[in-house]
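This is what each chain is made of:
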Amino acid sequence: MEYCGKRRRADKSGVSHLPELRYPSVTEIVSSARALAAHRPGLCVLREVGVSRAGRPLHLLSVGHARRAVLVVAGAHANEPTGGSTLLSLAERTLRERKLRAETSWHFLLCADPDGASLHVTPAPRTLLDYHLGFFRPAGPEQPEWSPSVLPPDLLPPETRALTRVIDELRPYLQVTLHGTDLGGSWVQLTKDIPGLAEPFAKSAAELHIPVETAASDAAGWPASGPGVHVMPAPGSDAAYPSMPDDARHSTWYHAHRYGGLTAVVEVPMWASDLVDDPAPHPAPAAAMRRLARRLVRDAFQVEAVLTEALPRLSGPDGPLLRAAKWALDLVPGLADDWIQTPPPDTTMAYVGSVDAFGRRLPLRAAAMLLRVLQEADDREAQRLEALVAAWSDAFAERFRARWVPLEHQVEHQARTVVAAAHHARENAA
């Protein structure tokens, strides 16, 4: 991780611009892991465990020799860069602290999607606009953790097969996958409950001034074992958003269950908003959800209009950016219909806020990726789309009073949560 040491500054709206920092690239993460392995060869092993569709290697760093294993996965989503820094911090910590590896070996998949990481090109975003101008997040079938929920086994990408082979080999009692959000709060998703995790998670977030997302839309309808700690319903349960094609219960997160393990997904924000941790009941949730659904459809229509106008001029097969933009837009009609169904009676301000953020995020991401396609093609519609991306990024930040979470706080909170999850999962299994 690199820091420039300058103070944060804010524009006249009070939105923090910052980060005087840079997220490490996959090449830099691998180089750091290689240095650790060379420094402590008796404890560390770095090896290649697969290759991506484009032939990029997938690396696993292992620390310690205990039979019981924890697997930590970074880079499953290209647009969530904090995990790589957290993974390196955890690897260094396990080397320093003998007690962490006394009963547990630690294994770190350095980047689950190196191809995606090569396309998300915002290593030092100072604003949400900076972040989106280099944005990339693959279509669902191309995401290594999510592809099993939308593809048959014989069509799974090599990154997914590499990840499941690692799980088969290690049989971890805990898999932790490091995720993040652009703007919001922190939360944890569990495939099985880990009693005792909620308290250290909440304490860490409070100490580092990171809001807890108490009703994340990603975990809509899931039971909670504590604020921001959500337990996934069992396979076969009704999904909160029936239209969504990718169901977490069919993802690689459940692969550890065949060995008696479980998965924890640790989310941390780049920019924080205190609007996502308000537990007060919303005074008119049905009306709010209808309004958000209408805006989602309206915003997506504006991006669709640009795509329709420009598409005849785009030659050749769809590349990953265009496929991802189309995938995001295709989700909108069904998701809007899901939202206008009667919301649960205990809908909180935090939940409506989380849905509001999701509704802004989806068309903005589609617009950002399509913009990169049009800029590459020097298409005349690029200027129109660039104005939309700028306006929506600014409106998103202002509506949610975005404030930058220092990278060291993002990393520390995620690392603390991983260590707490490993401790409590081991204690509960004993």
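Up top you'll find the structure we're talking about.
First, a word on what this report is: a plain description of the structure on this page. (Residues numbered from 1 in each chain as written. Predicted model: local features only at pLDDT ≥ 70, side-chain atom pairs only at ≥ 80, totals over all residues. Heavy atoms only, no water.)

1. A closer look at the packing of helix α7 (residues 285-310) against helix α9 (residues 349-376)
The relative placement of two packed helices comes down to the angle between their axes together with the axis-to-axis distance. At a minimum axis separation of 10 Å, α7 and α9 run at an interaxial angle of 5°. In terms of orientation, α7 and α9 fall into the roughly parallel class. Taken together, the residues of α9 that come into contact with α7 (itself represented by Ala288, Met289, Leu292, Arg295, Leu296, Asp299, Ala300, Val303, Val306, Leu307 and Ala310) are Tyr351, Val352, Val355, Asp356, Gly359, Arg360, Leu362, Pro363, Ala366, Ala367, Leu370 and Leu374. Tallied by class, the residues present in the contact of α7 with α9 amount to 18 nonpolar, one polar and four charged. (Axes fitted to C-alpha atoms, helices over the stretch in contact; angles between N-to-C directions. Helix = DSSP H or I, 4+ residues; strand = E, 2+ residues; numbered from the N terminus. Parallel < 35°, antiparallel > 145°, perpendicular 65-115°, else oblique. Contact = heavy atoms within 4.5 Å. Nonpolar A, V, L, I, M, F, W, Y, C, P; charged D, E, K, R; others polar.)

2. Here we look at a positive patch on the surface
A contiguous patch of positive charge, built from Arg290, Arg291, Arg294 and Arg298, is present on the exposed surface. Residue position: Arg290 is located in helix α7. On the accessibility criterion, Arg290 (40% relative accessible area) is partly exposed. (Patch = residues over 30% accessible without salt bridge, like charges linked within 9 Å, V, L, I, M, F, W, Y side chains within 5 Å. Areas by Shrake-Rupley, 256 points an atom, 1.4 Å probe, with all protein chains shown as cover. Salt bridge = Lys/Arg side-chain N within 4 Å of Asp/Glu carboxyl O. Lys, Arg positive; Asp, Glu negative; His and termini not counted. Charge placed at Lys NZ, Arg CZ, Asp CG, Glu CD. Buried < 20%, exposed > 50% of the residue type's maximum accessible area, 1.4 Å probe, protein only.)

3. Observations regarding the side chain of Ser105
Structurally, the position occupied by Ser105 is in strand β6 (residues 105-109). The exposure class of Ser105 is buried, given its relative accessible area of 2%. Apart from the residues within four sequence positions on either side, Ser105 is in contact with Val63, Gly64, His65, Ala66, Arg68, Ala69 and Val70.

4. Examining the packing of aromatic side chains
With the rule as written, the count across this model stands at seven aromatic pairs. Note on Tyr131 and Phe135: the rings are 5.7 Å apart at their centroids and 70° apart in plane angle, and the pair reads as edge-to-face. Tyr131 sits in the buried class, given a relative accessible area of 0%. An angle of 85° between the planes, with centres 5.6 Å apart, marks the rings of Phe396 and Phe400 as edge-to-face. (Phe/Tyr/Trp six-rings, centres within 6.5 Å; stacked < 30°, edge-to-face > 60°.)

5. Some points on the pairing of strand β4 (residues 57-63)
Along β4, six of the seven residues are buried, which leaves the element largely enclosed by surrounding structure. Bridge analysis of strand β3 (residues 44-51) against β4 gives seven bridges, and the strand direction is antiparallel. Paired with Glu48 across the strands is His59, a residue of β4. Remark: five residues form the turn of the hairpin made by β3 and β4, two consecutive strands paired antiparallel; Gly55 in that turn has positive phi of roughly 90°. Relative to β6, β4 runs antiparallel, the two being bridged by four bridges. The residue of β6 that forms the bridge with Leu61 is Phe108. (Pairing = 2+ DSSP bridges.)

6. As for helix α2 (residues 82-96)
Under the 1.5 Å per step criterion, the end-to-end length of α2 is 21 Å for 15 residues, consistent within 8% with the ideal 21 Å. Burial of α2 is extensive: 11 of the 15 residues sit out of reach of the surface. Three or more residues of α2 are buried, namely Thr82, Gly83, Gly84, Ser85, Thr86, Leu87, Leu88, Leu90, Ala91, Thr94 and Leu95. (Expected span 1.5 Å × (residues − 1).)

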